[in-house]
Amino acid sequence: MNSQIGATAAAGSNLDTVLKVTTPEGIELALHPAGPVPRVLAWLIDLVWRFAVLFVLLMFLPMLGDVGQGIWLLVFFLLDWLVPAWFEARRGGATPGKKALGLMVLRDDGAPAGWNEALTRNLLRFADFLPLMYMGGLLSMIISPGFKRLGDHAAGTLVVHKPSSAPSAPVPSVDPEPPPAALDLAGRRALLDYAERYPQLTTERAEEIAAAAAPMLAPDSRSPAQRLLAMANHLLGRARSESGSS
Amino acid sequence: MRQAEFERRYASLWDSFGQWLENRGKRRKKGEPEPEGLSAAQVPGVFRAICSHLALARDRQYSPFLVDHLNRLVLDGHQVFYGASTSWFSAPWRFLAIEFPQTVRAERQLVWLAALLFFGPLIGLTIAIQFFPGLASLLLSPTDMGQMETMYRPEADRLGMRDSSTNVMMFGFYIWNNVRIGFQTFAGGILLGLGSIFFLLFNGLYIGAVLGYLQQIGLGEQIWSFVAAHSGLELLAIVISGAAGLKLGAALLSPGRRSRRLALVENAKVALKLMLGAALMFVAAAIVEAFFSPLNLPDPRPKYAVGIILWVLLLAYFWRAGGPRAAR
């Protein structure tokens, strides 16, 4: 039985795409590599704005005649090869497309990408394009952990979801109540997960989820959801409020 | 310790570190005082403390939000502490004077191989076309041939371009086209070196066909005087781009005692140095090719002289510049 649980847990960690990076301080950082879909969308956005820039230039540069044509080709070259690298090395690791999708480029060790990494992965984009329409890059992304395209492999980089800076929603404060029985780690974790998601759920949905736990609770005037919150407060070690009484 | 107590005790420390990270990003005006909060001397200690808080919070199964919050603080801190990369990019002069020629010498086996793959077909086809003129039409279409005949006709004002074009336009074109070819030759190398080999051979054959064809139809003086000045920079730049690509391929074909993954990352660092140097050579070549090479001088000898001098300087540069390579 135990071994079965262990096996399930291992399978779970294989399924999850979180990458752990060990820092010199001896702790593990969790990175969330971005899969093909957001990256293709980011690439499309980048394609559109670069195309727009070239198009606008195409309307105005002919005033300069052939000189304008030369400048246009130079801009084309820069936008195609070097500008994305500049964004990734100097502008928070993200081209405008990646920024819009909340992605950023990091080194494998979790540090921000510098010029070396940014240039390597952008110059190698040509190899990812082969044989056509980025088939090579897509294939490489699918078969490698961390969704690395060929350029990422050579540069030693990852494209990750930027950690959201949303402030944590506190668990609603209710008078704590000990759980009816001692909970194991998974049980405590489930309870806390529920309590932290509670503010984002509608009351009906919160009650619906809590109903699953209702048979285990002694009958009480409060709803199951409120009682689960109370237990979460107990686990958090919150003090009983002064005015509260039961 | 329960989570609430843990948070109560350390929240102010976390906030002050978060505040420090935020202030760091801002640019201060001159004279503005240091922002309040953590001093630089305190930061490493605080960072280590927060790292251990993260480890504790995970171990004690505190709530996911708290763990995520600490994970983000540590990640941001990690990026500040370990993100500073010393790059050759910040010292361009040192790169050009020392690192680039040293790297080329260190990788001379690959450079020779790339040179063989490129100059072999180039010279071979140029000579072969003199005896078998039909060979040129294998690579050049009749339109190409016609266009070349006009671009390099003896009475042209400027060689190598259509009459309506200007030097600036050709400069843009050469950057866009030639540096792109260099980048492609480099990038193709990750496919076990095959892409680099293909581009080296193909460009060698193509250039050989053009040179051979124009020589064979009697426009030799025009084409040779056009290519002479920029040939050293441009041809060697292609060779070095190819060597950079082969360096990528070598990581996969013979990683030695490293994993292929590690070999690729390590070789890519060397390859990027080669490619960057080659890119600078392409740019220099484009300047010469756009502004000097097209001049149709009555006497082509000055252009030949410039070409020979550049070749000699370049070979001397790769042979000696930067001194003997220090042991790695």
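Numbering of residues starts from 1 in each chain and follows the order in which that chain's sequence is written. Chain letters and ligand numbers both follow the written order, the letters beginning at A and the numbers at 1. Restriction of local features to residues with pLDDT of at least 70 applies here, the model being predicted, together with a cutoff of 80 or more for giving and counting side-chain atom pairs; totals for whole chains, interfaces and linings are based on all residues.

Further remarks concern the overall build of chain B. Along chain B, the regular secondary structure elements total 12 helices and zero strands. Counting from the amino terminus, chain B carries its helices and strands in the arrangement α-α-α-α-α-α-α-α-α-α-α-α. For 328 residues, the compact-globule formula gives about 20 Å, and the C-alpha radius of gyration of chain B, at 29 Å, lies well above that figure. Seen along its three principal axes, the alpha-carbon backbone of chain B occupies a region of about 90 × 50 × 40 Å. Around each residue's C-beta, the other C-beta atoms within 10 Å are counted; 20 or more make the residue buried, 12 or fewer make it exposed, and counts in between make it partly exposed. All C-beta atoms are placed from the backbone. Counting over 328 residues, chain B shows a buried share of 41%. Working definition of a contact: two residues with C-beta atoms, positioned from the backbone, lying within 7 Å. The long-range share in chain B, meaning contacts at least 24 apart out of those at least 6 apart in sequence, stands at 78%. Numbered from the N terminus, helices here are DSSP runs of H or I no shorter than four residues, and strands are runs of E no shorter than two. Each radius of gyration reported is based on C-alpha atoms, and the globular scaling rule is 2.2 Å times the count of residues to the power 0.38.

Residue and element names in this part refer to chain A. With respect to the helices and strands, the residue Ala34 is situated in the loop between strand S2 (28-31) and helix H2 (36-60). Counting along the chain gives 126 residues from Ala34 to Val160, while the straight-line C-alpha distance between them is 4.9 Å. The contact partners of Ala34, leaving out residues within four places of it in the chain, are Arg39, Leu103, Phe147, Val159, Val160 and His161.

Below, the discussion takes up the domain arrangement of chain B. What the domain assignment reports for chain B is domain 1 (3-82) and domain 2 (91-320). Where each domain starts and ends follows an automatic or database-derived domain assignment. Placing the centre of domain 1 of chain B and that of domain 2 of chain B at their C-alpha centroids yields a distance of 52 Å.

What follows covers the interface of chain B and chain A. In this assembly, 52 residues from chain B lie in contact with 46 residues from chain A. Going through the elements one at a time, helix H1 (3-25), helix H2 (43-59), helix H3 (64-82), helix H8 (167-187) and helix H11 (260-291) of chain B are the ones with two or more residues in the side of chain B that touches chain A.

What follows covers the pairing of S2(A). Residue and element names in this part refer to chain A. Pairing of strand S1 (residues 19-22) with S2 involves four bridges; the strand directions are antiparallel. Looking across to S2, one finds that Thr22 is bridged to Glu28. One requirement defines pairing of two strands: DSSP has to find at least two bridges between them. In textbook terms, the turn of a hairpin is the stretch between consecutive antiparallel strands, and for S1 and S2 this stretch comprises five residues, one of which, Gly26, has a positive phi near 85°.

With that out of the way, let us pick up the domain arrangement of chain A. Segmenting chain A into domains produces domain 1 (31-161) and domain 2 (167-241). Distance from the C-alpha centre of domain 1 of chain A to the C-alpha centre of domain 2 of chain A: 46 Å.

Take the environment of Pro298(B) next. Note on placement: Pro298(B) falls in the loop between H11 and helix H12 (301-320). Between the C-alpha atom of Pro298(B) and that of Pro154(B), which follows or precedes it by 144 residues, the distance is 9.9 Å.

Our next topic: unusual backbone geometry. For residues other than glycine, phi is negative in most cases, and the peptide bonds are mostly trans. Residues and elements named next belong to chain A. A cis amide bond, omega -5°, links Leu130 with the succeeding residue Pro131. Counting through the fold element by element, Pro131 comes out in the loop between helix H6 (125-129) and helix H7 (135-143). Positive phi, normally seen in glycine, also occurs at Met133, with a value near 50°. One can find Met133 in the loop between H6 and H7. For Phe147, which is not glycine, the phi torsion reads 50° and is therefore positive.

Formed by 121 residues in total, the largest nonpolar core has its most connected members in Ala114(B), Val239(B), Ile240(B) and Met275(B). Among the elements that take part in this core, helix H10 (residues 220-253) of chain B stands out by supplying 18 residues, more than any other. Counting 17 residues, the second-largest nonpolar core is a separate cluster that includes Val174(A), Ala206(A), Ala225(A) and Met231(A). For this entry, the nonpolar core is defined as buried Ala, Val, Leu, Ile, Met, Phe, Trp, Tyr and Cys residues connected by C-beta atoms within 7 Å.

This brings us to H7(A). Residues and elements named next belong to chain A. Residues of H7 that are buried include every one of Gly137, Ser140 and Met141, and no others. Projection of H7 onto a plane perpendicular to its axis shows the buried side chains occupying an angular sector of 100°, all on one side. More than 90 degrees from the buried face of H7, the exposed residues found are Met135, Ile142 and Ile143. Considering only its buried residues, H7 is in contact with H2, H6 and helix H8 (150-155). Think of the arc as the fan of directions from the helix axis to the C-beta atoms.

Residues and elements named next belong to chain A. The residue Arg149 is located in the loop between H7 and H8 in this model. On the basis of neighbour counts, which here come to 25 C-beta atoms within 10 Å, the residue Arg149 falls in the buried class. Arg149 has contacts with Asp128, Gly137, Ser140 and Met141, leaving out every residue within four places of it along the chain.

Here we take up the packing of H8(B) against helix H9 (residues 194-216) of chain B. Residue and element names in this part refer to chain B. To obtain an axis, a line is fitted to C-alpha atoms, over the contacting stretch when the element is a helix, and the angle between two such axes runs from 0 to 180 degrees between their N-to-C directions. The N-to-C vectors of H8 and H9 enclose an angle of 140°; their axes lie 6 Å apart at closest approach. Considering their axes alone, H8 and H9 lie oblique with respect to each other. Residues Ile181, Gln184, Thr185 and Ala187 of H8 form the contact with H9, whose own contacting residues are Gly195, Ser196, Phe199, Leu200 and Asn203. A per-class count over the contact of H8 with H9 returns four nonpolar, five polar and no charged. Our angle categories are set so that under 35 degrees counts as roughly parallel, over 145 as roughly antiparallel, 65 to 115 as roughly perpendicular, and the remainder as oblique. Residue polarity is assigned by list, with Asp, Glu, Lys and Arg as charged and Ala, Val, Leu, Ile, Met, Phe, Trp, Tyr, Cys and Pro as nonpolar; anything else, Gly included, falls into the polar class.

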